Every structure is written in C-alpha cells, then in structure tokens.
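# Summary of structural features
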Amino acid sequence: EINHQSEARGALIVLEGLDRSGKTSQSGRLLSNLAGLGYPVESWRFPDRDTAVGKMISSYLSNKSQLDDHTIHLLFSANRWEKRSLMEAKLKSGTSLIVDRYSYSGVAFSAAKGLDIEWCKAPEVGLLAPDLVVYLDIPPEKAAERGGYGGERYEQLEFQKNVARHYKMLSDASWKMIDACLPMEDVEKQLKEMVLDCVTSCQKGKPISQ
Ligand code: DGP
Ligand code: NA
Ligand code: NA
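First things first, this report covers the structure right here in the doc. Please read these numbers as outputs of a predicted model, since none were measured by experiment.

### Here's the deal with the overall build of the protein
- Within the protein, the regular secondary structure consists of 9 helices and 5 strands.
- Counting helices and strands in the order they occur from the N terminus, the protein gives β-α-β-α-α-α-β-α-α-β-α-α-β-α.
- Here the protein holds 210 residues, and the buried ones make up 46% of them.
- Summarising the internal contacts of the protein: among those between residues at least 6 apart in sequence, 80% fall at separations of at least 24.

Spelled out as structure tokens, the structure:
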C-alpha cells in the first residue's frame, strides 16, 4: 500500500471580519482545539507587526505616521509577501495555519477608502490561496458596542460599515459564514467543525494553490 503520509500537507485557514468581530479570540480557541486533537498547527496574523514593514504599518495604524493610501496598501501587501515562503514551507511540512486576516482585509479596507478595487487586488496575485475562508459576520453597530474600539485608525463606525460592504462584494460561494453575534462557544464549535473538514481534505492530498 502507498504511504500517503508523506503527502499530507497543512491547511491554510483564513479568518476575516470587521474589527471586534472576534477573530483573534476565535483563532486562539481554534488553535487549542486543533492542537488538542494532535494536528500540527500554528496561529498567524496579518499585519505581522514584528517585521520591519510591520513596524511601519503599526506606526501608521496608531496614527504616529501618515502615509499615502496607495503606499500603505502596498506595505500591507508586502507584509504578506515577506511571509509567503515560510507559509509555503509550513504547509508542505504538514503544519496547518490559522491566519487572522489576509488579502481580503487588504482589498476591503483599501477599497473602502475609495481606491480602485482592481488596483487593490493586483499586488495580492501570487500569494497562496486559502483552503478555507471563514467570515465572522457581525453588524458594524454591534461590533462598535463590543467594549469599544481601541482607537486605531480604522476603528470608526462609518468606515467599518464601508469595509463590511466591500467584504460582501469580495465574498463568494466558497466562503463559510458564521454569525459572530452568537455566544463565543457556539462560534467556536461551528468554526472547529468547518476547519476539521478542510484539514482532512488537505491531508488527502489536495494541492496547494496560488
Ligand atoms: P488587526 O491587527 O487585525 O486589528 O488589524 C489592524 C487594522 O488594520 C484593522 O483595522 C484592519 C486593518 N488591516 C488589516 N490588514 C489590512 C490590509 O491589508 N490593508 C489595510 N488597508 N488595512 C488592513
Ligand atoms: Na483592530
Ligand atoms: Na491582524
């Protein structure tokens, strides 16, 4: 019998949603759940504020620096590109990645400022395609009520409403939606079930796509 184990690869799982939709908490819970079942898994997030590019992004988000909208867009994209080869290596070695925000944030947030959507998509072409995109769906008003926003640049209700409209335009039938207003435990359970299905099909040899 052929040993399929050597072909097993990790799944690229992306969580998207507005600020305060619960992505970060749910990433943590999903990480524990998958690790508890014995799956090799890591939790990542974009922007990754630890790199040199990430430090520029962080400074911009906290209003310590000003940048042209196109410039910051390209920095967010560069921040994903600088992690691409490591991402591919992890997936090939069998580690699944739970990624808190990815290219869809890149396009939704910049297009919400009025940048041309096709221009926004262009620098994302060639990054690895997720195996699963889960959107934590929350009305912008509800998100704003959740313990308030932290005061970063984009954490304003009118802007988040515009981001939500752009996410809706970007979403397609492959996205899985979860009602992020449900209790955390219910969101956790739904997310775990969706992700286990995806991890299993990746282990069966579904190729990594671009
Ligand atoms: P977070 O660390 O997930 O709270 O993200 C920081 C903020 O940056 C949040 O308001 C979402 C926004 N953001 C994340 N990724 C991108 C991106 O690629 N482009 C733009 N313009 N904004 C982004
Ligand atoms: Na935020
Ligand atoms: Na992030």
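And the narrative resumes.
### Overview of the side chain of Arg101
- With respect to the element layout, Arg101 can be found in the loop between β3 (96-100) and α5 (103-112).
- Among the polar contacts made by the side chain of Arg101, one reaches the side chain of Asp19 at a distance of 3.4 Å.
- In this structure the side chain of Arg101 is engaged in a polar contact, spanning 3.0 Å, whose partner is the side chain of Ser105.
- For Arg101, the contacting residues outside a window of four places in its chain are Leu15, Glu16, Gly17, Leu18, Asp19, Lys23, Phe46, Phe109 and Tyr167.

### As for the site of ligand 1
- Surrounding ligand 1, one finds 13 residues, the nearest of these being Asp19, Phe76, Arg80, Arg101 and Gly106.
- One nitrogen or oxygen atom from the side chain of Arg80 is found 2.9 Å from an oxygen atom belonging to ligand 1.
- Take Tyr154: an N or O atom from its side chain is 3.4 Å from a nitrogen atom of ligand 1.
- In isolation ligand 1 offers 490 Å² of accessible surface; the protein chains occlude 94% of this area.
- For the shell around ligand 1, the secondary structure elements donating two or more residues are α3 (69-81) and α5.
- Partitioning the shell around ligand 1 into residue classes produces 5 nonpolar, 3 polar and 5 charged.

### Quick look at the nonpolar core
- The biggest cluster of nonpolar side chains holds 44 residues, and the ones touching the most others in it are Val134, Val163, Tyr167 and Val195.
- Those elements that place two or more of their residues in this core are β1 (12-17), α1 (23-36), α2 (52-61), α3, α5, β4 (132-137), α8 (157-170) and α9 (184-203).
- Broken down by element, this core gets its largest block of residues, 7 residues, from α9.
- In this view, Val195 contacts Ile13, Leu30, Leu34 and Leu132; residues no more than four positions away in its chain are not counted.

### Considering the packing of α5 against α8
- Where α5 meets α8, the axes come as close as 8 Å, and the angle between the chain directions of the two elements is 125°. The orientation of α5 with respect to α8, classified from their angle, is oblique. Seen from above, α5 lies across α8 with right-handed handedness. Here α5 contributes Tyr104, Ser105, Val107, Ala108, Phe109, Ala111 and Ala112 to the contact with α8, which in turn contributes Phe159, Gln160, Asn162, Val163, His166, Tyr167 and Leu170.
- Here the residues of the contact of α5 with α8 sort into 10 nonpolar, 4 polar and no charged.

### Overview of the packing of aromatic side chains
- Taken as a whole and assessed by the stated rule, the structure comprises 9 aromatic pairs.
- Summarising the aromatic geometry, the rings of Tyr135 and Trp175 are spaced 6.0 Å apart at their centres and angled 35° between planes, so their arrangement reads as tilted. Here the residue Tyr135 occupies a position in strand β4, and Trp175 occupies one in the loop between α8 and β5 (176-179), the gap between them amounting to 40 residues. With respect to burial, Tyr135 and Trp175 carry one shared label: buried.
- Here a set of aromatic residues connected by ring pairs shows up, and it is made of Tyr60, Phe109, Tyr154 and Phe159.
- Here the guanidinium or amino end of Lys83 rests over the ring plane of Trp44, the centre of that ring lying 4.7 Å away.

### Section: the coordination of the sodium ion (ligand 2)
- Within the protein, the atoms that donate to the sodium ion (ligand 2) are Asp19 (OD) and Glu155 (OE), at distances of 2.4 to 2.8 Å. Placement of Asp19 in the loop between β1 and α1 and of Glu155 in the loop between α7 (140-145) and α8 is noted, with a sequence separation of 136 residues between them.
- You can call Asp19 buried: its relative accessible area is 15%.

Basis of the calculations
- Residues numbered from 1 in each chain as written.
- Chains lettered and ligands numbered in written order.
- Predicted model: local features only at pLDDT ≥ 70, side-chain atom pairs only at ≥ 80, totals over all residues.
- Heavy atoms only, no water.
- Helix = DSSP H or I, 4+ residues; strand = E, 2+ residues; numbered from the N terminus.
- Buried < 20%, exposed > 50% of the residue type's maximum accessible area, 1.4 Å probe, protein only.
- Contact = heavy atoms within 4.5 Å.
- Polar contact = N/O pair within 3.5 Å; in protein donor to acceptor, adjacent residues only side chain to side chain.
- Near = heavy atom within 4 Å.
- Areas by Shrake-Rupley, 256 points an atom, 1.4 Å probe, with all protein chains shown as cover.
- Nonpolar A, V, L, I, M, F, W, Y, C, P; charged D, E, K, R; others polar.
- Core = buried A, V, L, I, M, F, W, Y, C linked by side-chain atoms within 4.5 Å.
- Axes fitted to C-alpha atoms, helices over the stretch in contact; angles between N-to-C directions.
- Parallel < 35°, antiparallel > 145°, perpendicular 65-115°, else oblique.
- Left-handed = near helix turned anticlockwise from the far one by under 90°.
- Phe/Tyr/Trp six-rings, centres within 6.5 Å; stacked < 30°, edge-to-face > 60°.
- Lys NZ or Arg CZ within 6 Å of the ring centre and 35° of its normal.
- Donors = N, O, S within 2.8 Å, 3.2 Å for Na, K, Ca; no water.

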